[in-house]
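Structure at a glance
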Amino acid sequence: MSLVLLLCVVWGFQQVAMKGVALDVLPIMQLTIRFALAAVFFAAWVLLAEGRRAFSDGTLPSGLLLGVMFSLEFLLVGQALRYTTAAHTIVFLYSAPIFTAMGLQFHPEERLSRLQWLGIAIAFVGIAIAFLGFTATPPMEMLRGDVLALLAGAFWGFSNVVLRRGQVSHAAAYKTVFYQIGTASILLGGFAIATGQTHVALKPLSIASLAYQTLIISVASYLIWFWLLKTYQTSRLMLMSFVTPLFGVLF
């Protein structure tokens, strides 16, 4: 619980870190850069630890699927923010624990009771009350953005099901992280180039933000998170992530 709360604090601050330098480095490029740099680190770790046999253990297909779902989550969040508010995006993105719990209902160890489902409902409604409010955004645009954010939450939630049930569940945590951020760096980088979102102006603040996003978030926090997912019950870990938006608002 202490580690998950620490991760919620770290992830809550990443919104501030990204938004603070968004004019110098576009958000999609921030994600591309941080994932690419972290991917180099984890690629070296995988090769040193497992050598040539690294991808012959049967985890590659589910690992790539995990990476694609991870990438789509971030792409959908970025697109959602074009049409709806950050508050709405947060609410619908953090529907992810619901999708995780739904996907793991047939896993005996992960099945939740009715009381726990009630707890999920209360937590989600609490987040909605905290963030939803009046906005001047046109209804149809907002609806489009809300749907995109909900899809992002679904991809995040179901990616945890793949992690729990797929062959990638047998991979070491560092290798699981590599599958995700390695795939994301390629797909997000391609999307940034295709849409002309490649502006980068390196200044002291933007360099500090990218260093935080790379070392603290993409390396340290993801490594801890995927170790937690392999060690504890996924559905219950995901429920604690409801705290992250509250830390984001605080920061």
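The written sequence of each chain sets the order in which its residues are numbered from 1. Totals for whole chains, interfaces and linings use every residue, but because this is a predicted model, local features are given only for residues with pLDDT of at least 70 and side-chain atom pairs only at 80 or more, for both listing and counting. Only heavy atoms go into the side-chain values, all of them from the structure, while hydrogens and water stay out.

1. So, the overall build of the protein
Helix and strand assignments come from DSSP, with helices taken as H or I runs of at least 4 residues and strands as E runs of at least 2, each series counted from the N terminus. Check the secondary structure of the protein and you find 11 helices and 0 strands. In the protein, the succession of helices and strands from N to C terminus is α-α-α-α-α-α-α-α-α-α-α. Computation of the radius of gyration draws on C-alpha atoms alone. For the globule rule, the value is 2.2 Å times the number of residues to the power 0.38. Relative to a compact globule of 251 residues, whose C-alpha radius of gyration would be 18 Å, the protein shows 18 Å and is just as compact. Sorting the 251 residues of the protein into buried and exposed places 49% on the buried side. All accessible-area figures derive from a Shrake-Rupley calculation using a 1.4 Å probe, and residue coverage is judged against the displayed protein chains alone. Counting every atom, the protein has about 12200 Å² of accessible surface; 73% of that belongs to carbon and sulfur. The rule is simple: take the accessible area with a 1.4 Å probe, protein chains only, and divide by the maximum for that residue type; under 20% is buried, over 50% is exposed, in between is partly exposed.

2. Section: the pattern of salt bridges
Every case where a carboxyl oxygen of Asp or Glu lies within 4 Å of a side-chain nitrogen of Lys or Arg is listed as a salt bridge. Within this structure, the stated rule accounts for 3 salt bridges. With a shortest N-O distance of 3.0 Å, K175 and E50 are connected by a salt bridge. Pair noted here: K175 is in helix α8 (residues 173-194) and E50 is in helix α2 (residues 27-50), with a separation of 125 residues, a long-range link. For K175, a relative accessible area of 0% gives the class buried. According to the relative accessible area criterion, E50 is buried, its value standing at 14%. Linking D57 and K175 is a salt bridge whose minimum nitrogen-to-oxygen distance equals 2.6 Å.

3. Considering the packing of aromatic side chains
What counts as a ring pair is set by centres within 6.5 Å for rings of Phe, Tyr and Trp (its six-membered ring), and what kind of pair is set by the plane angle: stacked under 30 degrees, edge-to-face over 60, tilted for all other angles. Within the structure shown, the criterion is met by 16 aromatic pairs. Residues F35 and F74 carry aromatic rings whose centres are separated by 5.4 Å and whose planes lie at 75 degrees to one another, so their mutual orientation is edge-to-face. Of the two residues, F35 is situated in helix α2 and F74 in helix α3 (residues 60-83); the sequence distance between them amounts to 39 residues. Per residue, the accessibility class of F35 equals that of F74, and both read buried. Both rings, one in F41 and one in F42, keep their centres 5.1 Å apart while their planes meet at 80 degrees; by these two values the pair is edge-to-face. Given the relative accessible area of 42%, F41 is considered partly exposed. Judged by its relative accessible area of 0%, F42 is buried. By way of ring pairs, the aromatic residues F35, F70, F74 and Y222 are connected into one cluster. Two conditions define a charge sitting above a ring: the NZ of Lys or the CZ of Arg must be within 6 Å of the ring centre, and it must be within 35 degrees of the ring normal. The ring of Y83 carries the charged tip of R144 above its face, separated from the ring centre by 4.8 Å.

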